[in-house]
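Now for the letters of each chain:
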Amino acid sequence: MTELSAVRAEGLVKDFGEFRAVDGIDLDVRQGEIFGVLGPNGAGKTTTLRMLATLLPIDAGRAEVFGVDVRREPHRVRQLLGVTGQYASVDEDLTARENLWLFARIQGLSHARAKAIARDLLDRFGLQEAADRPIAQFSGGMRRRLDLASSLITRPPLIFLDEPTTGLDPRTRGQMWDVIRELVADGSTILLTTQYLDEADQLADRVAVIDHGRKVAEDTPDALKTQVGESTLQLVLESEADVPAAVGVVRRLLGEEPVLSPEAGRMNVPLPDPNRAADVLIGLREAGVGISSMSVAKPTLDEVFLALTGHGTDDRSRTEAA
Ligand SMILES: Nc1ncnc2c1ncn2[C@@H]1O[C@H](COP(=O)(O)OP(=O)(O)OP(=O)(O)O)[C@@H](O)[C@H]1O
Ligand SMILES: [Mg+2]
């Protein structure tokens, strides 16, 4: 028998009227891992999480959290869970410290215990300085951290994070990643959704790619990248006139056809084995072809998404790539 899963879902379905937002999703999140659900706007990420968190009824299929049936025993499931939403669930007029204290009291902790936990979480999330200011004055990044902090009051074994870093600046994003890694080092299991390909790549042990309410792939970030193809040697030649010579070298050495870019002198060479890059570089030098830049890259998760679904992730990433 396999170890008890943190989350096991089979054939999850959610309909909003005529519209099927989640269309038969299976998930198996192992204890102690970071599992990423990756998909563009409207893919069904939040809806899936809300069903698993008992916040939305499951229309068809079934789900278990640490072996506890989500539909039959929602109150027990809630005790195993920390959930942070895409929107902060805190009282604007209270300070960060008061909010955490209040949450802890609502969870049934004593006054003294609630105070100690609030202090501890404010430290851990780097919110000491802002602790006694009302939330209304908080930046987006501070809100996200407070939101995550408040979900940890009861130290749940399973934490759901819905787009934990959307809209954060790069530095705050990095801090959030560190906090998430710490939680896992402390023994938590994390199920997070993201629209960021690099976030899934950085954090997740395994990733489910979802599109239009369906899972289109599931694997480790590395395996997903490999699924799309080999590594690529990206070359920029010093002189565009050398392109035919370079193409000849690649054909002769690798038996592969380089992909020429419309940009002058730029070409991508498919590599069956990243170690063959050196052969190509030596061959080019022997042929007197100068290189102004080179890199070996694995396909990005964006390219993975494109290969799996036939379209890119969203308009934002397309403009970034352009
Ligand atoms: N309460 C609702 N009533 C009707 N349609 C809904 C409701 N909630 C979500 N939807 C629709 O279901 C689909 C999936 O929404 P969901 O919020 O799960 O997407 P998501 O993957 O979380 O997207 P985002 O990245 O924008 O947060 C969308 O088309 C959305 O418009
Ligand atoms: Mg969402």
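The rules behind these values
- In every chain, residue numbers begin from 1 and rise along the written sequence.
- Each chain is given a letter, starting from A, and each ligand a number, starting from 1, according to the order in which they appear as written.
- Per-residue local features are limited, in this predicted model, to residues with pLDDT of at least 70; the limit for side-chain atom pairs, both in listing and counting, is 80 or more; totals at the level of whole chains, interfaces and linings are taken over all residues.
- Proximity of a residue to a molecule or strand is defined by its backbone-placed C-beta atom lying within 6 Å of that partner.
- Charged residues are taken to be Asp, Glu, Lys and Arg, nonpolar residues to be Ala, Val, Leu, Ile, Met, Phe, Trp, Tyr, Cys and Pro, and polar residues to be all remaining types, Gly included.
- The helix and strand labels rest on DSSP assignments: H or I over at least four residues marks a helix, E over at least two residues marks a strand, and numbering proceeds from the N terminus.
- For two strands to pair, DSSP has to find at least two bridges joining them.
- We call two residues in contact if the C-beta atoms placed from their backbones are at most 7 Å apart.
- Orientation is described by axes fitted as lines to C-alpha atoms, over the contacting stretch for helices, and by angles from 0 to 180 degrees between their N-to-C directions.
- By definition here, a helix of n residues has an expected span of 1.5 Å times n minus one.
- Here the C-beta atoms are placed from the backbone, and a residue counts as buried if at least 20 other C-beta atoms lie within 10 Å of its own, exposed if 12 or fewer do, and partly exposed otherwise.
- This arc is built from the directions going out from the helix axis to the C-beta atoms.
- Residue ranges assigned to the domains are those given by an automatic or database domain assignment.
- Think of a nonpolar core as buried Ala, Val, Leu, Ile, Met, Phe, Trp, Tyr and Cys residues, each tied to the set through C-beta atoms within 7 Å.

## Let's talk about the site of ligand 1
Around ligand 1 sit Phe 16, Ala 21, Gly 39, Asn 41, Gly 42, Ala 43, Gly 44, Lys 45, Thr 46, Thr 47 and Gln 195, and those are all the residues in its vicinity. The residue makeup of the shell around ligand 1, split by class, is 3 nonpolar, 7 polar and 1 charged.

## A look at unusual backbone geometry
Not every positive phi belongs to a glycine, and Glu 163 is a case in point at roughly 45°. Within the secondary structure, Glu 163 sits in the loop between β7 (158-162) and α6 (170-185). The phi angle at His 212 is positive, at roughly 50°, despite the residue not being glycine. Among the secondary structure elements, His 212 is positioned in the loop between β9 (206-211) and β10 (214-219).

## Details of the sheet that holds strand β1 (residues 5-16)
Across a sheet, strands are paired by hydrogen bonds formed along the backbone, either parallel or antiparallel in direction. One open sheet accounts for 4 strands, arranged β2-β1-β4-β5; its pairing is antiparallel. Each end of this open sheet is capped by a strand with a single partner; those strands are β2 (19-30) and β5 (68-69). Here β1 pairs with β2 via 9 bridges, running antiparallel. Within β2, the position partnered with Arg 8 by the bridge is Asp 28. Packing against the sheet, helix α1 (residues 45-52) makes contact with β1, β2 and β4 (60-65), and its axis sits at approximately 120° to β1.

## Focus: the sheet that holds strand β11 (residues 231-237)
Spatial strand order, β12-β13-β11-β14: 4 strands in an open sheet with antiparallel pairing. Each having just a single partner strand, β12 (259-260) and β14 (291-297) make up the two edges of the open sheet. Pairing between β11 and β14: 6 bridges, direction antiparallel. Looking at the pairing, Thr 232 lines up with Ala 297 of β14.

## Re helix α4 (residues 111-124)
Taking 1.5 Å as the rise per residue, α4 with 14 residues should run 20 Å; its terminal C-alpha atoms sit 20 Å apart, in good agreement. Within α4 the residues assigned to the buried category are Ala 114, Ile 117, Ala 118, Leu 121 and Leu 122. Buried residues along α4 cover an arc of 130° about the axis, so they all sit on one side. Along α4, exposed side chains directed more than 90 degrees from the buried face belong to Ala 112 and Asp 123. Looking at the buried residues of α4, the elements they touch are α3 (96-106) and α5 (140-151). The positive-phi residue at the C-terminal boundary of α4 is Gly 126, with phi of around 65°.

## A word on the pairing of β9
When you tally the buried positions in β9, you get 5 out of 6 residues, the bulk of the element. When strand β3 (residues 34-38) meets β9, the two strands line up parallel, connected through 4 bridges. Each residue of the ladder has a partner; that of Leu 38, found in β9, is Val 209. Following β9, the chain reverses through 2 residues before pairing antiparallel with β10; His 212 in that reversal takes a positive phi of roughly 50°.

## Re the domain arrangement of the chain
Along its sequence, the chain is organised into domain 1 (5-225) and domain 2 (230-298). Its C-alpha centre places domain 1 at a distance of 44 Å from the equivalent point of domain 2.

## Focus on the nonpolar core
Membership of the largest hydrophobic core comes to 46 residues, with the highest contact counts inside it found for Val 7, Leu 52, Val 65, Phe 160 and Ile 190. Ranked by the residues each element gives to this core, the list is headed by β2, at 5 residues. One finds Ala 96, Met 142, Leu 152 and Ile 153 within the second-largest nonpolar core, a separate group that totals 20 residues.

## What about the pairing of β1?
Between β1 and β2, which pair antiparallel and follow one another directly, the connecting turn spans 2 residues, one of which, Gly 17, has a positive phi of 60°. Here β1 runs beside β4; their pairing, made up of 5 bridges, is antiparallel. When the sheet's bridge partners are listed, Glu 10 is paired in β4 with Arg 62.

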